[in-house]
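# Working through the structure, step by step
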Amino acid sequence: MNNSLLKDIGLALLRILPSIMLLTHGIPKFQKLISGNFEFGDPIGIGATPSLFLAVIGEFVCPILLIIGFKTRWAAIPAAITMAVAGFIVHAEDPFGTKEKAFLFLAFFVVIALLGPGKFSIDKK
């Protein structure tokens with residue numbers, strides 16, 4: 001395999017695997033939203049319902065876009081912001097081990113925003 005192909009496989013894995021993992025957090029929030037249950041935290045002071053809506057965008061909608069590689073760099077930004085809020089605000093007082101997952105997701109999505117989707121994406125078709 002040549003380096004270009006390996007790079008594109010690596011970018012696809014970097015894009016797809018963390019997005020699948022983040023969906024495990026986003027799907028329950030999406031189900032909560034569509035069921036009409038708007039109880040949620042208000043970490044940035046905009047209200048529970050807008051906070052839930054933004055979390056669904058960052059943890060459900062954007063990971064789906066990232067998995068298929070559509071508008072990849074743009075989709076990585078709300079996911080990264082959501083993880084920054086989770087790590088720096090929601091879990092601010094928690095031990096590092098608790099906020100570590102949010103910071104790992106944040107790192108993945110910042111790298112995706114910087115590097116782009118690679119060849120195996122709708123963006124590159």
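Refer to the structure presented above.
Here goes a summary of the coordinates provided. (Residues numbered from 1 in each chain as written. Predicted model: local features only at pLDDT ≥ 70, side-chain atom pairs only at ≥ 80, totals over all residues. Heavy atoms only, no water.)

## Here's the deal with the nonpolar core
The following threshold applies: For our purposes a nonpolar core is just a set of buried Ala, Val, Leu, Ile, Met, Phe, Trp, Tyr and Cys residues, chained together by side-chain atoms within 4.5 Å. Only protein chains enter the accessibility calculation, which uses a 1.4 Å probe; a residue whose area is less than 20% of its type maximum is buried, one above 50% is exposed, and one in between is partly exposed. Under the DSSP-based scheme used, a helix requires at least four consecutive residues in state H or I and a strand at least two consecutive residues in state E, with every element numbered from the N terminus.
Ranked by internal contacts, the top residues of the largest apolar core, which has 13 residues, are Leu 22, Leu 66, Met 83 and Phe 109. Every element with two or more residues in this core is listed here: α2 (48-68), α3 (72-90) and α4 (96-115). With 5 residues, the next largest nonpolar core counts Leu 23, Leu 33, Leu 52 and Phe 60 among its residues.

## So, α4
Threshold: In a helix, the anticipated span is given by 1.5 Å times the number of residues less one. Bend is the name given here to the angle between axes fitted to two runs of seven residues, the run ending at a residue and the run starting at it. By definition, residues are in contact when any of their heavy atoms lie within 4.5 Å.
Look at α4: 27 Å from first C-alpha to last across 20 residues, which is about the 28 Å you get at 1.5 Å a residue. Where α4 bends most, the angle comes to about 25°, and this point is Ala 102. Among all positions in α4, only Lys 99, Ala 102, Phe 103, Phe 105, Leu 106, Phe 109 and Ile 112 are buried. Looking at the packing, one finds that the buried side of α4 touches α1 (3-34), α2 and α3. Gly 116 sits one or two residues past α4 and shows a positive phi near 85°.

## A short note on the pattern of salt bridges
Under the convention used in this document: Basic side-chain nitrogens of Lys or Arg form a salt bridge, by our definition, when they fall within 4 Å of a carboxyl oxygen of Asp or Glu.
Taken as a whole and judged by the stated rule, the model has 1 salt bridge. Ionic pairing is found between Glu 59 and Lys 29, a salt bridge with its closest N-O pair at 2.8 Å. Taken as a pair, Glu 59 in helix α2 and Lys 29 in helix α1 lie far apart in primary sequence, 30 residues in all.

## Overview of α2
Here α2 contains 21 residues, and its C-alpha end-to-end distance of 30 Å stays within 8% of the 30 Å for a straight helix at 1.5 Å per residue. Residue Ile 57 marks the point of greatest curvature in α2, where the axis turns by about 35°. Those residues of α2 not exposed but buried are Ser 51, Leu 52, Ala 55, Val 56, Gly 58, Glu 59, Phe 60, Cys 62, Pro 63 and Leu 66. On its buried face, α2 sits against α1, α3 and α4. Trailing α2 by a residue or two, Gly 69 shows a phi angle of about 75°, which is positive.

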